Amino acid sequence: MMKYKPLIFRLLENDKGGKYFIAILLLLMIVVPTCNLLIPESSVFYISTYVVTLLGKYLTYALLAISLDLVWGYLGILSLGHGAFFGLGGYAMGMYLMRQIGDRGVYGNPILPDFMVFLDYKELPWFWHGFDQFWLAMLMVFIVPGLLAFVFGWLAFRSRVTGVYLSIITQALTYALMLAFFRNDLGFGGNNGLTDFKEILGFDLQSDYTRNALFVCSAIAVALGYFICRFIVDSRLGSLITAIRDSEGRVRALGYRDEYIKLFVFVVSAMLAGVAGALYVPQVGIINPGEFSPINSIEMVIWVAMGGRGTLYGAALGAIVVNFAKTYFTAAAPEVWLFMLGGLFVVVTLFLPHGIIGAIKKISAMKSKKTKASVEAQKLNISN
Amino acid sequence: MNGVSVSFDGFKAINNLSLYVKKNELRSIIGPNGAGKTTMMDIITGKTRPDEGRVIYDDMVDLISMSEAEIANLGIGRKFQKPTVFEHHSVYENLKLALEGRRKVFENLFFKLTSEDDDKIQEVLNTIALQEHYKRDAGELSHGQKQWLEIGMLLMQNPKLLLVDEPVAGMTKQESEHTAELLTSLAEKHSVVVVEHDMEFVRSLANRVTVLHQGSVLAEGDMDSVQNNQKVIEVYLGE
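Residues numbered from 1 in each chain as written. Chains lettered and ligands numbered in written order. Predicted model: local features only at pLDDT ≥ 70, side-chain atom pairs only at ≥ 80, totals over all residues. Heavy atoms only, no water.

**Details of a nonpolar patch on the surface**
Residue and element names in this part refer to chain A. On the surface, W135, L139, F142, I143, V144, L147, F150, V151, W154, L155 and Y260 cluster together into a nonpolar patch covering about 1000 Å² of accessible area. The element contributing the most residues to the nonpolar patch is helix α6 (residues 134-158), with 10 residues. Of the residues examined, W154 reaches a relative accessible area of 33% and is grouped as partly exposed. (Patch = residues over 30% accessible without salt bridge, like charges linked within 9 Å, V, L, I, M, F, W, Y side chains within 5 Å. Areas by Shrake-Rupley, 256 points an atom, 1.4 Å probe, with all protein chains shown as cover. Salt bridge = Lys/Arg side-chain N within 4 Å of Asp/Glu carboxyl O. Helix = DSSP H or I, 4+ residues; strand = E, 2+ residues; numbered from the N terminus. Buried < 20%, exposed > 50% of the residue type's maximum accessible area, 1.4 Å probe, protein only.)

The structure is reproduced here in C-alpha cells:
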C-alpha cells in the first residue's frame, strides 16, 4: 500500500536542493521579520528596514530567475526579453498603487494621478478604469504578461522560430515596450513612470509592518512559484519539455504538438515573471520604462547562468548572489560594476558551465567517489 | 502514393513517384544516393509538402494537407536515418513519452502511469532487448541499441505503418541480424517500410523490394529479380 503524502512533500522527495531552498525560505520568513520588528535597534541581531526591503527585492528577482530558468534551462528557449513580463506585472501593480494615492497627490486631484494632471489629461484613460480595485489589478498582473506571452508565443512557435532568432525577437519585444512606455501620450507616466505611492490595501507603504508583510509575501510567492515549476518539470509534461529542448523533431514525430507545449510553458513563465514584478514595485516604490531596457533582461540571463540553469533553485541562488554583489559594488566601487558583471559572465561560461550549483554537485560527486574508492580500498586490504 | 513530385530549387527530388504498400506488408526500398528515399519519407510524414500528387493512407485519408503531429497520431511512426532518441532521458522515460495517446498539454501535466502502461513498456523493452538497460540514459547506449530504442518508441505508439530509415547503419553483424528478425516479426502486425543501403540486410528480410532512382520507381519485385534487372545493374554499376 502506498502511503498518502501531501503533494508538496512528494515534490521535494527527490529534490535535495529544493529541500534546502524551501527550508531557507521558511527560515527567512521567520527570522527577518523577527529581527526587524521584535529585536531592539541596539542589538547586533537587529535587521534594519532597509535590509528587509532589499532582501524582499532580491526575492522578487529570485522568482523572476526561476521563471526564466523554466523556459531557458528546461525548454531551451533563451528569452532575452523576460524583463518585459516583469515590467508589465510591475506596471499593473503600479497602476493600482497610483489610484490608491487618491487626492493626496501634489495636485490633489481625486481621480487623476499627478502626471495626468500635469500632462493636461481631462479624464482617466479607459485602460486605467478599475485599477482602483485590488482584485482587478492582481488579475491583470497575470493576464497582461500572460496574454502578451500567448500572442508572441503563438506567432513565434507556430512559425517555428527557434534559437538565436527567437532570442533576438524577445529582445526586440522588450525594447519596443521600453520605447512605447517612454512616450508620455501612452498614458503610463512616460519617462518618470509611476511613483510616489502611499498605500497598499490601506496599509502605509512606509511602515515597517507593511515592509515585512511584503517581504513575507515575496518569500511565499517564491516558494509557490518554485512548487509550480517543480510540479511542471516533474510531470510527464516536464519530461516532454526537456525532450523538446534536446530533440524537437522526435517529439513532433511522436505526435505531440510541440508548439502548444512551448506556449504553455512560456505563458506560465511570463505570469510568474509578472507576479515578481508586481511584488517588486511596492518594495522599491517606483516602476519606470527602464525596467524594459534590454540590458535588464540580459542581466537576468546572467543570474540564471551563474546559479546553474535547469535546477530552478540554482537560478534563484544566482539572482540573489549577483544582486547582492551588485548592491555591494555599486556602492563601494560603482565604476567597476559593469566590468565585473561582464567578467562574471565570461568566467561562468568558461569555467562554470553549470553554474554554482553545477560546481557544488561536481565537488560532492568527486567526494563521494573518493570515499567510495577508499572504502573499496579498505575492503581490498582486509581481504588481502 | 500516386504521381507525387517535389522539387527543391528546380531539382526534382521526387519525380512522378507512385508506390503502393499493402496492409501488414514488409517492403524494402533501395536506391543509390540521392534517389529520393528520405524525401519520400519526409512527404509521407508531412515534413515536406509535395508539389503534385496524392498520398493516401488507409484507403481514404489524404495526408497531403495534414500536419506532422496529425499524421503521427493516425498511426504512422517514423525512425529517422540518424538515431534520434532523447539522450538525456532514461530508456524507460523515452518509451514512456512514446506511449500511445495522451498528447494534450494538460493530460501530460497531470499524467499518471497506469499498470497497463507499465506492462506495455515492459513488453516493448523485451521486444527490443533492452530490459536490463531501462534505467540508463539513452545517450549512454551503443549505436545499435539506440536504433532499437527508436524502433521501440515507434512500437509504443501502436502504429499501423512503420517507416524505418536505414535501421542497420553502423550496426555490427549480430545487431543487424537481430534487427532483421525484429522487423520481420513486426510485419506480422504492422505495415513496415524499410529504407536501406545494405544489400545483405535487405536480402535477409526476404520480401518485396522497390528500387528508386532519380525520384521514381525503377524496378519492383523480389530481391533476385531486382538484382538481375538490367536497368538496376546499370544504375548501380554505372553505364
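Alright, that's what it looks like, and here's the rest.
**A closer look at the packing of aromatic side chains**
Residues and elements named next belong to chain A. Counted by the stated rule, this structure contains 25 aromatic pairs over all chains. For the ring pair F85 and F266, a centre distance of 5.7 Å and an interplane angle of 90° mean the geometry is edge-to-face. Pair noted here: F85 is in helix α4 (residues 82-101) and F266 is in helix α11 (residues 258-284), with a separation of 181 residues, a long-range link. Overall, F85 belongs to the buried group, its relative accessible area being 0%. Accessibility expressed as a relative area gives 1% for F266, which makes it buried. (Phe/Tyr/Trp six-rings, centres within 6.5 Å; stacked < 30°, edge-to-face > 60°.)

**Brief notes about the state of the cysteines**
All names here are of chain A. Under the criterion given, the structure shown has 0 disulfides over all chains. Of all cysteine sulfurs, the one in C217 lies closest to C35, which takes part in no disulfide; the gap is 19 Å. Free cysteine: C217, not disulfide-bonded; nearest cysteine sulfur from C229 at 19 Å. Its relative accessible area of 40% is what places C217 among the partly exposed residues. (Disulfide = S-S within 2.5 Å.)

**Concerning the interface of chain A and chain B**
When the parts of a complex come together, some accessible area is lost, and that lost area is often used as the size of the interface. Taken together, the contact between chain A and chain B spans 24 residues of the former and 31 residues of the latter. Area buried by chain A at its contact with chain B is led by A:R236, A:R250 and A:L254, which between them contribute 35% of it. With its nearest N and O atoms 2.3 Å apart, the salt bridge here joins A:R250 to B:E150. Among the secondary structure elements, those contributing two or more residues to the side of chain A that touches chain B are α8 (208-234), α9 (236-246), α10 (248-253) and α11 of chain A. Counting residues per element, the side of chain A that touches chain B draws most heavily on α9(A), at 7 residues. Classifying every residue of the side of chain A that touches chain B gives 12 nonpolar, 6 polar and 6 charged. (Contact = heavy atoms within 4.5 Å. Buried area = accessible area lost by both parts, 1.4 Å probe. Nonpolar A, V, L, I, M, F, W, Y, C, P; charged D, E, K, R; others polar.)

**Here's the deal with the packing of α8(A) against α11(A)**
To characterise two packed helices, one gives the angle between the axes of the helices and the distance between these axes. Residue and element names in this part refer to chain A. Where α8 meets α11, the axes come as close as 10 Å, and the angle between the chain directions of the two elements is 170°. Between α8 and α11, the interaxial angle falls into the category roughly antiparallel. Where α8 abuts α11, its residues R211, L214, F215, C217, S218, A221, G225, I228, C229 and I232 lie against F264, V268, L272, V275, L279, P282 and Q283. For the contact of α8 with α11, the per-class residue count stands at 13 nonpolar, 3 polar and 1 charged. (Axes fitted to C-alpha atoms, helices over the stretch in contact; angles between N-to-C directions. Parallel < 35°, antiparallel > 145°, perpendicular 65-115°, else oblique.)

**Here we look at the sheet that holds strand β3 (residues 26-30) of chain B**
Residues and elements named next belong to chain B. Across the sheet, which stays open at both edges, the 6 strands sit in the order β7-β8-β9-β3-β10-β11 with mixed pairing between neighbours. Of all the strands in the sheet, the pair left with one neighbour each is β7 (76-79) and β11 (216-222). Taking each pair of neighbouring strands and ignoring which way they run, the sheet shows an average axis angle of 20°. Two elements, strand β8 (residues 161-165) and strand β9 (residues 191-195), share 5 bridges in a ladder whose sense is parallel. Within β9, the residue paired with D165 across the bridge is V195. Each of β7 and β8 touches helix α6 (residues 143-156); the most contacted strand, β7, lies at about 170° to it. Against the sheet, helix α7 (residues 173-186) contacts β3, β8 and β9, and its axis sits at roughly 145° relative to β9. (Pairing = 2+ DSSP bridges.)

**A short note on the domain arrangement of chain A**
Split into domains, chain A comes out as domain 1 (56-205 + 223-353) and domain 2 (358-384). The centre of domain 1 of chain A, based on its C-alpha atoms, is set 44 Å off from the matching centre of domain 2 of chain A. (Domains from an automatic or database assignment.)

**A look at the packing of α4(A) against helix α7 (residues 163-182) of chain A**
Residues and elements named next belong to chain A. Closest axis-to-axis distance for the α4/α7 pair is 8 Å, and the angle between their directions is 35°. For the pair formed by α4 and α7, the contact residues are G83, A84, F85, L88 and Y91 on the first element and L173, T174, L177 and F181 on the second. Along the lines of polarity and charge, the residues of the contact of α4 with α7 split into 7 nonpolar, 2 polar and no charged.

**Description of the nonpolar core**
Among the nonpolar cores identified, the biggest contains 153 residues, and A:F21, A:W128, A:L194, B:L149 and B:V192 are the most heavily contacted of them. When residues of this core are assigned to their parent elements, the largest contribution, 16 residues, is made by α11(A). If you look at the next biggest cluster of nonpolar residues, it comprises 20 residues, including B:I14, B:I43, B:I76 and B:L163. (Core = buried A, V, L, I, M, F, W, Y, C linked by side-chain atoms within 4.5 Å.)

**Some points on the environment of A:I220**
Residue and element names in this part refer to chain A. Considering the arrangement of structural elements, one finds I220 in helix α8. Residue classification places I220 among the partly exposed residues on the basis of a relative accessible area of 39%. For the pair I220 and L7, spaced 213 residues apart in the sequence, the C-alpha separation amounts to 17 Å.

**Some words on the domain arrangement of chain B**
Residue and element names in this part refer to chain B. Domain boundaries in chain B define domain 1 (1-75 + 159-211) and domain 2 (83-158). Computed from C-alpha coordinates alone, the two centres of domain 1 and domain 2 are separated by 22 Å. Between domain 1 and domain 2, the contact holds 17 residues from the first and 15 residues from the second. Between domain 1 and domain 2 lies a buried interface of about 1300 Å² when both sides are counted; carbon and sulfur atoms form 67% of it. For the pair domain 1 and domain 2, the interface holds 0 salt bridges. At the boundary of domain 1 with domain 2, the tally comes to 1 residue pair in polar contact (both at pLDDT 80 or more). Only α2 (68-73), β8 and α7 provide two or more residues apiece to the side of domain 1 that touches domain 2. Of all the elements, α7 adds the most residues to the side of domain 1 that touches domain 2, at 5 residues. (Polar contact = N/O pair within 3.5 Å; in protein donor to acceptor, adjacent residues only side chain to side chain.)

**Overview of the pairing of β3(B)**
All names here are of chain B. Extensive coverage of β3 is indicated by the burial of 5 of its 5 residues. Because side chains alternate across β3, one face comprises the buried residues L26, S28 and I30, and the other comprises R27 and I29, equally buried. Here 4 bridges tie β3 to β9, and the two strands are oriented parallel to one another. For R27, the partnering residue across the bridge sits in β9 and is V193. Across 4 bridges, the pairing between β3 and strand β10 (residues 208-213) is parallel. Note on β10: the bridge partner recorded for S28 is V209.

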